[in-house]
Amino acid sequence: MTGQIENPEEKAEYLPFNAINEFMRDDYRLTVLHEAITHLEKLPSSVRKVISGLISQYVKIPGFRKSNLAPAPMKAKNSADLFRQSAEFSAAVIEGWASLHPRLKEAVFNLLSEKGWEPVPMEVDRSRLPGFLIHWPKEDSFEALDNAVRTLMPGMSETDDDISLMVVWIGNRLPYDLYAGNDSEENTGE
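Residues numbered from 1 in each chain as written. Predicted model: local features only at pLDDT ≥ 70, side-chain atom pairs only at ≥ 80, totals over all residues. Heavy atoms only, no water.

Peer 1: I keep staring at the overall build of the chain and nothing clicks. Help me out?
Peer 2: From N to C terminus, the chain includes nine helices and three strands. Going from the N terminus to the C terminus, the chain shows its helices and strands as β-α-α-α-α-α-α-β-α-α-β-α. Of all 190 residues assigned to the chain, the portion counted as buried reaches 48%. The long-range fraction of contacts in the chain, counting pairs at least 24 apart against all pairs at least 6 apart in sequence, stands at 74%. Surface exposure of the chain reaches about 9900 Å², of which carbon and sulfur atoms provide 50%. (Helix = DSSP H or I, 4+ residues; strand = E, 2+ residues; numbered from the N terminus. Buried < 20%, exposed > 50% of the residue type's maximum accessible area, 1.4 Å probe, protein only. Contact = heavy atoms within 4.5 Å. Areas by Shrake-Rupley, 256 points an atom, 1.4 Å probe, with all protein chains shown as cover.)

This is the structure in structure tokens:
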């Protein structure tokens, strides 16, 4: 596992994957859940098993003894609380969602690599990482990164929210501790 640490004398600080909820609107959370659950059969088997298992174990849907037998929209709506509470479920859903957007995933990976973020390789299942790193380059606002991806992929159908979520996921970072790019270079000796 790799992860960029801005100051080698500091230990990596992680937030659990469900901390993403602090940055997501409720309607967008439901959109991501709906997309991942609706396309469950297209997700990697390891991710599909985690999502199905946790829904089966923790999500109760009125009128269904087994929640996995409910229609996808009902499962998505009733899984929102689990997404907020469970780091494992949040990670599996986002990993599954990301797999449904391979072109966006590749564009974001390339952009972040060019910017020196040093993301873990694309084929790594990020849901297996310990959580999100908290350090985020101040100059890389969501708006700036969204615009850069749109320049790389003109005419794309993904929303700004999709791009931002992919940046967080591929970069494995949440913007809790913003730092200036020059500070980072001084601290890492680059």
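Further notes follow.
Peer 1: I would appreciate a short explanation of the sheet that holds strand β2 (residues 132–137) in the present structure.
Peer 2: Pairing between the strands of a sheet is mediated by backbone hydrogen bonds and can be parallel or antiparallel. Here we have three strands laid out as an open sheet, ordered β1-β2-β3, and mixed in their pairing. Unpaired on one side and paired on the other, β1 (14–15) and β3 (173–179) mark the two borders of the sheet. Across two bridges, the pairing between β1 and β2 is antiparallel. Across the sheet, the residue bridging to tyrosine 14 is leucine 133, located in β2. Lying on the sheet, helix α8 (residues 160–171) is in contact with β2 and β3; it crosses β2 at an angle near 115°. (Pairing = 2+ DSSP bridges. Axes fitted to C-alpha atoms, helices over the stretch in contact; angles between N-to-C directions.)

Peer 1: So what exactly am I meant to see when it comes to the side chain of serine 86 here?
Peer 2: If you trace the backbone, serine 86 turns up in the loop between α4 (80–85) and α5 (87–99). In terms of polar contacts, serine 86 uses its side chain to reach the backbone amide nitrogen of phenylalanine 89, at 3.0 Å. The contacts of serine 86, once residues within four sequence positions are left out, are Asn18 and Leu54. (Polar contact = N/O pair within 3.5 Å; in protein donor to acceptor, adjacent residues only side chain to side chain.)

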